[in-house]
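Notes for the structure review
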Amino acid sequence: MIISEATFGPIDTHDPSQKSSFHVIGQQGEYGKLQYQGYVTPLSKRLNLDLDGSVKELSLLDVSPYIKDALGFEFKTGQLDTVQKVQVKDDHLSGSLQFKLRGIKMASADESAGVNLVQQTAIPLNM
């Protein structure tokens, strides 16, 4: 992951309710891009956050080692796009997440075990 731009502030230690803005732009691999911006109250007793973010063309091959034990399969090819719009007001979370998968090819995480993905009824929610 390469972070090409990151800004955060201002922070006022005398006013814990003050919103501080942030903006992050980065790249993962040759094509994957990420961008996040929003506001947070970093010194308040309860979390308050507005987050707008997106990830475009993230290679699923890059994240495959992190999920193969939980799911029982790994990605051989594919890309992930996500769009996140999240709000946290006094520790209460709301928002929306969109996921788009493209060009996916999968295989069993343990070829000798012969896990058959067709017989799987669902992907675990805790992934």
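Here goes a summary of the coordinates provided.

**Topic: the nonpolar core**
Leu34, Val55, Leu58, Leu60, Leu71, Phe73, Phe75 and Leu80 together form the largest nonpolar core, which totals eight residues. If you list the elements that add at least two residues to this core, you get β4 (49–59), α1 (60–71) and β5 (73–89). Looking at which element gives the most residues to this core, the answer is β5, with three residues. If we skip the residues at most four places from it in the chain, leucine 58 touches Gln28, Gly32, Val63, Gly78, Gln79 and Leu80. In terms of nonpolar packing, the next biggest core, distinct from the first, is built from five residues, Val40, Leu49, Val86 and Val88 among them.

**A closer look at α1**
When the terminal C-alpha atoms of α1 are compared, their 14 Å separation across 12 residues is substantially less than the 16 Å that a helix rising 1.5 Å per residue should span. Packing partners of the buried residues in α1 comprise β4, β5 and β6 (92–108). Where α1 ends, the next residue or the one after it, glycine 72, has phi of about 85 degrees, a positive value.

**Focus: the side chain of glutamate 74**
Take glutamate 74: it is sitting in strand β5. What makes glutamate 74 buried here is its relative accessible area of 16%. Side-chain polar atoms of glutamate 74 contact the side chain of lysine 76, separated by 3.2 Å. Ignoring anything within four residues of it in the chain, the contact list for glutamate 74 reads Ser64, Lys68, Lys105, Met106, Ala107, Ser108 and Ala109.

**Focus on the sheet that holds β5**
Spatial ordering of the open sheet is given by β1-β2-β3-β4-β5-β6, a layout of six strands whose pairing is antiparallel. Each end of this open sheet is capped by a strand with a single partner; those strands are β1 (2–9) and β6. Across this sheet, the average inter-strand angle for adjacent strands is 5 degrees, counted without regard to direction. Alignment of β1 against strand β2 (residues 20–28), held across seven bridges, turns out to be antiparallel. Paired with alanine 6 across the bridge in β2 is valine 24.

**Re unusual backbone geometry**
Of note, the amide linkage connecting glycine 9 to proline 10 takes the cis form, showing an omega dihedral of 0 degrees. Even without being a glycine, aspartate 90 presents a positive backbone phi close to 50 degrees. Along the chain, the position of aspartate 90 falls in the loop between β5 and β6. Given a relative accessible area of 34%, aspartate 90 falls into the partly exposed group. The phi angle at aspartate 91 is positive, at roughly 70 degrees, despite the residue not being glycine.

**A word on the pairing of strand β3 (residues 32–40)**
Where β2 lies against β3, nine bridges are found, and the strand directions are antiparallel. Looking across to β3, one finds that histidine 23 is bridged to glutamine 37. Hairpin remark: β2 followed by β3, antiparallel, with three residues in the connecting loop; positive phi at glycine 29, about 70 degrees. The pairing of β3 with β4 spans eight bridges and is classified as antiparallel. Counted as the bridge partner of glutamine 35 is serine 54 from β4.

Reading guide: rules and limits
- Residues numbered from 1 in each chain as written.
- Predicted model: local features only at pLDDT ≥ 70, side-chain atom pairs only at ≥ 80, totals over all residues.
- Heavy atoms only, no water.
- Core = buried A, V, L, I, M, F, W, Y, C linked by side-chain atoms within 4.5 Å.
- Buried < 20%, exposed > 50% of the residue type's maximum accessible area, 1.4 Å probe, protein only.
- Helix = DSSP H or I, 4+ residues; strand = E, 2+ residues; numbered from the N terminus.
- Contact = heavy atoms within 4.5 Å.
- Expected span 1.5 Å × (residues − 1).
- Polar contact = N/O pair within 3.5 Å; in protein donor to acceptor, adjacent residues only side chain to side chain.
- Pairing = 2+ DSSP bridges.
- Axes fitted to C-alpha atoms, helices over the stretch in contact; angles between N-to-C directions.

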